Amino acid sequence: MKIDIHNEFYFDVEIEVRDFRNETYSVNVKKTEENNGEVIYSLAGENKFLIAGKVVQKNYKDSIGLYVDFGCKKNDNWEILHCFDAYKSLTLKLRPSHDKVNVFCDEFWRAPETDCWARASFCDSLTDIPKSVSNMLWKYNDFYFNMVPISDGDFKTTLKGGENCIELVMSANMGGYTHIMGTVAVLSFGKDPFKTFEDTVATGYKMLGRRVKTESDRKLPEMFDYLGWCSWDGFGREVTEQGLYEKAKEIADKEIPVRWMLIDDGWFPYEDEMLK
């Protein structure tokens with residue numbers, strides 16, 4: 001399976017499913033239908049685990065959405081149903097046509113000493129992204145590309161680097177499922193990185209059948225028209241008057257156009273859902 005994105009950039013895609021016994025099966029699909037902006041790849045040939053399945057590529061103006069629908073066979077042994085693995089039900093392995101590009105990621109990350117749940121991450125290869133990414137942006141031939149994994153219904157997709165590939169891993173994080181279906185990811189492209197992000201969000205909600213206002217639809221306080229700085233990124237919980245003063249002076253000396261500062265020292269301590 002091949003996904004043509006834009007501007008000579010594409011992904012070759014391999015598909016794997018895993019059952020509750022932790023056995024992995026390769027999945028072959030072939031293009032069976034193409035109309036109204038949709039390309040459907042259906043299960044091809046005999047598969048020991050799957051009875052039916054398809055991948056749907058939905059093409060929009062500057063975005064692509066990926067949707068999957070797979071069901072597993074019934075086991076002949078005592079009519080016990082096969083079911084998908086709880087944590088790695090389905091994996092799409094995306095092998096990029098051009099790997100060596102500068103990449104920005106939002107990486108899920110938690111460290112006991114900081115309590116931080118996400119951080120910016122940078123690398124110079126698409127396949128070297130971290131093991132848990134919520135959002136990634138890269139540039140190729142003057143175009144920006146943005147990919148975001150999607151949670152749809154009972155199923156959540158995680159995005160991570162694999163062996164010479166990007167992996168989109170879909171699962172429910174619990175066992176017993178004999179049928180998996182839902183939107184896996186959205187990818188957008190364009191010459192303006194900010195609009196590309198907006199297109200990704202809008203297409204994601206469209207794929208989910210939801211109408212949610214994006215930032216451009218909302219009226220936000222005027223301060224958000226300008227660049228700001230959050231103390232959490234510099235000091236974590238160790239916020240002091242002296243530290244804030246020195247950071248403000250540094251920003252001014254370097255002529256960084258910051259117009260406002262947010263003081264953030266983390267969440268309030270709580271116990272039994274009540275503030276201490």
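What counts as what
Residues numbered from 1 in each chain as written. Predicted model: local features only at pLDDT ≥ 70, side-chain atom pairs only at ≥ 80, totals over all residues. Heavy atoms only, no water. Helix = DSSP H or I, 4+ residues; strand = E, 2+ residues; numbered from the N terminus. Buried < 20%, exposed > 50% of the residue type's maximum accessible area, 1.4 Å probe, protein only. Core = buried A, V, L, I, M, F, W, Y, C linked by side-chain atoms within 4.5 Å. Contact = heavy atoms within 4.5 Å. Polar contact = N/O pair within 3.5 Å; in protein donor to acceptor, adjacent residues only side chain to side chain. Expected span 1.5 Å × (residues − 1). Arc of directions from axis to C-beta. Salt bridge = Lys/Arg side-chain N within 4 Å of Asp/Glu carboxyl O. 1 Å grid on protein atoms, 1.4 Å probe; cavity = no way out; pocket = protein on both sides within 12 Å on 5 of 7 lines; lining within 4 Å. Points joined across faces, edges and corners; volume = space filled by probe spheres on them. Nonpolar A, V, L, I, M, F, W, Y, C, P; charged D, E, K, R; others polar. Patch = residues over 30% accessible without salt bridge, like charges linked within 9 Å, V, L, I, M, F, W, Y side chains within 5 Å. Areas by Shrake-Rupley, 256 points an atom, 1.4 Å probe, with all protein chains shown as cover.

Got a minute to help me understand the environment of Phe70 in this structure?
By the element assignment, Phe70 lies in strand β7 (residues 63–72). Looking at Phe70, the relative accessible area reads 0%, which means it is buried.

When you look at the nonpolar core in this model, what are you seeing that I'm missing?
In summary, soluble globular proteins display a tendency toward joint burial of nonpolar side chains. Counting residues in each nonpolar core, the largest one holds 49 residues, and the members touching the most others are Phe11, Met136 and Trp138. In this view, Met136 contacts Val103, Phe104, Cys105, Leu126, Ile129, Phe145, Asn146, Met147, Leu159 and Ile166; residues no more than four positions away in its chain are not counted. Counting 7 residues, the second-largest nonpolar core is a separate cluster that includes Ile40, Val56, Val148 and Ile150.

Sorry if this is basic, but what is going on with the side chain of Ser63 here?
One can find Ser63 in strand β7. At a separation of 2.6 Å, a polar atom in the side chain of Ser63 contacts the side chain of Ser188. For Ser63, the side chain forms a polar contact with the side chain of Thr203, separated by 3.1 Å.

Please explain helix α1 (residues 193–207) as it appears in this structure.
Side chains of residues three or four places apart in an α-helix project in the same direction, reflecting 3.6 residues per turn. Across its 15 residues, α1 extends 21 Å between first and last C-alpha, which sits within 8% of the 21 Å expected from 1.5 Å per residue. Inspection of α1 places Pro193, Thr196, Asp199, Thr200, Thr203, Gly204 and Met207 among the buried residues, and these make up the whole buried set. The buried residues of α1 occupy an angular sector of 130° when projected down its axis, which confines them to one face. Looking at α1, the residues exposed on the side facing more than 90 degrees away from the buried face are Phe194 and Lys206. Here the buried face of α1 lies against β6 (50–59), β7, β11 (133–140), β12 (143–149) and β16 (179–190).

Is there a simple way to think about the pattern of salt bridges in this case?
Should the charged atoms of two oppositely charged side chains come close, the side chains can pair. All told, the structure shown has 12 salt bridges when counted by the stated rule. Glu107 serves as the salt-bridge partner of Arg119, at 3.1 Å between the closest nitrogen and oxygen. Here Arg119 is found in strand β10 (residues 118–123), whereas its partner Glu107 is found in strand β9 (residues 103–108), with 12 residues between them in sequence. Residue classification places Arg119 among the partly exposed positions, given a relative accessible area of 34%. With its nearest N and O atoms 3.1 Å apart, the salt bridge here joins Lys247 to Glu250. Taken as a pair, Lys247 and Glu250 lie in helix α3 (residues 241–253) at a separation of 3 residues, close to a single helical turn. Exposure remark for Glu250: the relative accessible area of 30% places this residue in the partly exposed category. One continuous salt-bridge network, built from bridges that share partners, spans Lys247, Glu250 and Lys254.

For this particular structure, what's the right way to read empty space enclosed by the protein?
Summary: where empty space remains is shown by rolling a probe the size of a single water molecule over the atoms. In total, this model carries 1 cavity of 30 Å³ or more according to the counting rule given. The computed volume of the largest cavity comes to approximately 70 Å³. Taken together, Ile3, Ile5, Phe11, Ile64, Leu66, Leu94, Met147, Leu168, Ala185, Val186 and Leu187 make up the full set of residues lining the largest cavity. Counting only elements with at least two residues in the lining of the largest cavity, the list comes to β1 (2–6), β7 and β16. With 3 residues, the single largest contributor to the lining of the largest cavity is β16. Looking at the lining of the largest cavity, its residues break down into 11 nonpolar, no polar and no charged.

Looking at this structure, I do not really get a nonpolar patch on the surface. What am I missing?
Taken together, the side chains of Leu220, Met223 and Phe224 define a hydrophobic patch exposed on the protein surface, amounting to about 260 Å² of accessible area. Among the structural elements, Phe224 can be located in the loop between α1 and β17 (227–230). By relative accessible area, which is 43% here, Phe224 ends up partly exposed.

Whenever I open this one, the environment of Val39 confuses me. Can you help?
With respect to the helices and strands, Val39 occurs in strand β5 (residues 38–43). C-alpha separation for the pair Val39 and Val56, spaced 17 residues apart in sequence, amounts to 5.8 Å. In contact with Val39, other than residues within four places in its own chain, are Lys31, Glu33, Glu34, Val55, Val56, Gln57 and Asn59.

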